Amino acid sequence: MRIATWNVNSLRARVDRTLAVLERWDLDVLAIQETKCRDEQFPFAAFAGAGYEVAHTGLSQWNGVAIASRVGLDDVATSFPGQPGFRKPLTGSAPPATLLDVEPPVEARAIGATCGGVRVWSLYVPHGRALDDPHYRYKLAWLERLHDAARDWAVDPGAQVALLGDWNVIPLDTDVYDVADFAGKTHVSPLERTAFGAFAEVGYTEVTREHVPAEHAYTYWDYQRLAFPRDKGLRIDFAWTTAALAERVRSVRIDREERKGKGASDHVPVILELAD
DNA sequence: ATGGCTACCTCGGGTAGA
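For chain A, the name recorded in an unreviewed UniProt entry is Exodeoxyribonuclease III, with Myceligenerans xiligouense as its organism. Regarding chain A, the UniProt comment filed under Sequence similarities (unreviewed entry) reads as follows: "Belongs to the DNA repair enzymes AP/ExoA family."

Next up, the structure:
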């Protein structure tokens, strides 16, 4: 079984590239992030034509996550238990007191489905924006709540769970072209790195590192400043799996070629080959 | 020193990404 994760950075702008990735890697399952569309805008027919069922959640032009599968797609969940919401802080005059009590909306950043016996989650962790931005606190809370949910999913030692996606965390200094460029910014702060690493304490293994231990093995390159030709990238797309699933991983590959050419996403697919 | 790109909304320029 082959399963992959990819932040496609707008699905509608890259339907052809996405179908080509499915075919090139002979994928059974693809976890997609940043579809940037609402459900009614999602090109389901193109995927069906290629033999894939799709579960998608998208509420606006932002975020949006999906799972495409040709090995079944059961028990779809469009958020995880306890997933925090976010709303920009209100500006100007104070709203009526009743509005203050309204929970911020849960964003389309997590979708889960069971595919071929594996509980797959496609996750788009909030960016954080800046260390003094409310979005940063949201990011930390989001990772904590995900950790709590993931702990529950891993209680059964035979559970096969894969947490796939764009984690928006640079876990090691060698996961970035120059960590000095990130001083005082998000993605490298101790709190983020601790929140990311905490999944190891509740039964999960980050299998992409295990199989691709090389330093500077990036999964993202900025569109700006010729980042890709200069290989100034980041490693921020990962796969935490339960022990029973980690045992099945035979290889992990980073599809660096996908960053080339006109119309590339700024992220590339990460592919896991699983033993049957 | 700044922004340098791409995509979304929609046809000008704001929001977001990392």
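## Brief notes about the overall build of chain A
Helix and strand counts for chain A stand at seven helices and 14 strands. By sequence separation, contacts in chain A at least 24 residues apart represent 71% of the contacts at least 6 residues apart. Working note: accessible area of chain A is about 12,300 Å², and carbon and sulfur atoms make up 52% of it. Treating the 31 positive side-chain charges of chain A as one cloud and the 39 negative ones as another, the clouds have centres 6 Å apart.

## A few points about the UniProt feature "active site" (unreviewed entry) in chain A
Mapped onto this numbering, the UniProt entry gives "active site" (unreviewed entry) at Y124, D166 and H267. A stretch of 144 residues holds the annotated residues, and the largest C-alpha distance among them is 12.4 Å, short enough that they meet in one place. Positionally, D166 belongs in strand β8 (residues 161-166). Classification of D166 by relative accessible area gives buried; the value is 1%. Non-local contacts of D166, meaning those with residues more than four positions away in its chain, are made with N7, Q33, L123, Y124, V125, I236, D237 and H267. Note that H267 resides in the loop between β13 (249-254) and β14 (270-274). Exposure remark for H267: the relative accessible area of 4% places this residue in the buried category. Once residues lying within four places of it in the same chain are set aside, the contact partners of H267 are W6, N7, D166, T219, Y220, I236 and D237.

## Some thoughts on the protein's contact with DNA strand B
The full set close to DNA strand B counts 24 residues, and H127, R129, Q224, R225 and L234 are the nearest of them. When the atoms of DNA strand B within 4 Å of the protein are sorted by group, sugar and phosphate make up 63%. E34 is positioned such that a nitrogen or oxygen atom in its side chain is 3.5 Å from a phosphate oxygen of DNA strand B. Between DNA strand B and the protein, one listed contact pairs a sugar or linking oxygen with a side-chain N or O atom of Y220 at 3.2 Å.

## Section: the sheet that holds strand β9 (residues 204-206)
A sheet is described by the order of its strands in space; here six strands give the open sequence β5-β6-β7-β8-β12-β9, paired in mixed fashion. This sheet does not close on itself; its edge strands, each paired only once, are β5 (74-77) and β9. Along the sheet, successive strands turn relative to each other by an average axial angle of 15°, direction set aside. Across three bridges, the pairing between β9 and strand β12 (residues 237-242) is antiparallel. Bridge pairing in β12 places E206 opposite W240. Sheet contacts for helix α4 (residues 134-153): β6 (110-115), β7 (118-124), β8 and β9; angle to β7, the most-contacted strand, approximately 180°.

## A short note on the side chain of T208
Along the chain, the position of T208 falls in helix α6 (residues 207-211). For T208, a relative accessible area of 2% corresponds to the buried category.

So, how was this worked out
Residues numbered from 1 in each chain as written. Chains lettered and ligands numbered in written order. Predicted model: local features only at pLDDT ≥ 70, side-chain atom pairs only at ≥ 80, totals over all residues. Heavy atoms only, no water. UniProt positions renumbered as here; feature names shortened; annotations may be inferred. Helix = DSSP H or I, 4+ residues; strand = E, 2+ residues; numbered from the N terminus. Contact = heavy atoms within 4.5 Å. Areas by Shrake-Rupley, 256 points an atom, 1.4 Å probe, with all protein chains shown as cover. Lys, Arg positive; Asp, Glu negative; His and termini not counted. Charge placed at Lys NZ, Arg CZ, Asp CG, Glu CD. Buried < 20%, exposed > 50% of the residue type's maximum accessible area, 1.4 Å probe, protein only. Near = heavy atom within 4 Å. Polar contact = N/O pair within 3.5 Å; in protein donor to acceptor, adjacent residues only side chain to side chain. Pairing = 2+ DSSP bridges. Axes fitted to C-alpha atoms, helices over the stretch in contact; angles between N-to-C directions.

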